[in-house]
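# Commentary on secondary and tertiary structure
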Amino acid sequence: MSHKNKVEKYNWTITELGEDIGNLDYDALAELFAVLTAKFKKDSINDMNLWHPQVSEKLKNISKWLKDILENEVEPLADLCRPYNEKGIK
């Protein structure tokens, strides 16, 4: 797998990408954290199959931390803010 330093479908800087991600609705942010959790877990398994145990372990740890942040911080934040967001939509 080739790791890129830019998201090809995104024409701006990493800093701008971070800002755009940070501006997401919290439910969308929770969805992104879930996707990233699964992606890092998948990559961990792939690297273990490639006999890269240290890389695999780091990726697995990232996946676990992202899942922890998702469950303990992002999802509760989304739950807390959803009523405010729904009031703004009406």
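Presented here is an overview of the structure given in this document. (Residues numbered from 1 in each chain as written. Predicted model: local features only at pLDDT ≥ 70, side-chain atom pairs only at ≥ 80, totals over all residues. Heavy atoms only, no water.)

## Some words on the layout of surface pockets
So the rule is basically this: Points on a 1 Å grid over protein atoms alone make up a cavity when a 1.4 Å probe fits among them but cannot get out, and a pocket when they form an open set with protein on both sides within 12 Å along at least five of seven lines; lining residues each have an atom within 4 Å of a point. Grid points are joined across faces, edges and corners, and a volume is the space filled by probe spheres set on the points. Elements are defined by DSSP. Helices are runs of H or I of four residues or more, strands are runs of E of two residues or more, and each kind is numbered from the N terminus. Any residue that is not Ala, Val, Leu, Ile, Met, Phe, Trp, Tyr, Cys, Pro, Asp, Glu, Lys or Arg is counted as polar, Gly included; the first ten are nonpolar and the last four charged.
A volume near 680 Å³ is recorded for the largest pocket. Every element with two or more residues in the lining of the largest pocket is listed here: helix 1 (14-22), helix 2 (26-49) and helix 3 (53-89). Of the residues forming the lining of the largest pocket, the biggest block, eight residues, is contributed by helix 2. Tallied by class, the residues present in the lining of the largest pocket amount to 14 nonpolar, four polar and five charged.

## Points about the environment of Ala-38
In this structure, Ala-38 sits in helix 2. The spatial distance from the C-alpha of Ala-38 to the C-alpha of Lys-67 is 8.8 Å, given a sequence separation of 29 residues.

## Points about the pattern of salt bridges
When the charged atoms of two side chains with opposite charge come close together, those side chains can pair. Here is the rule we go by: Each salt bridge in this description consists of a side-chain nitrogen of Lys or Arg and a carboxyl oxygen of Asp or Glu lying within 4 Å of one another. Burial classes: relative accessible area under 20% of the type maximum marks a residue as buried, over 50% as exposed, and values in between as partly exposed (1.4 Å probe, protein chains only).
The full count for this structure, using the stated rule, is four salt bridges. When the shortest N-O distance is used, the salt bridge between Asp-79 and Arg-82 registers 3.0 Å. Note that Asp-79 and Arg-82 are positioned in helix 3 at a spacing of three residues, about one turn of the helix. Residue classification places Asp-79 among the partly exposed residues on the basis of a relative accessible area of 45%. Among the residues examined, Arg-82 registers a relative accessible area of 28% and is labelled partly exposed. Where salt bridges share partners, they join Asp-27, Asp-79 and Arg-82 into one cluster.

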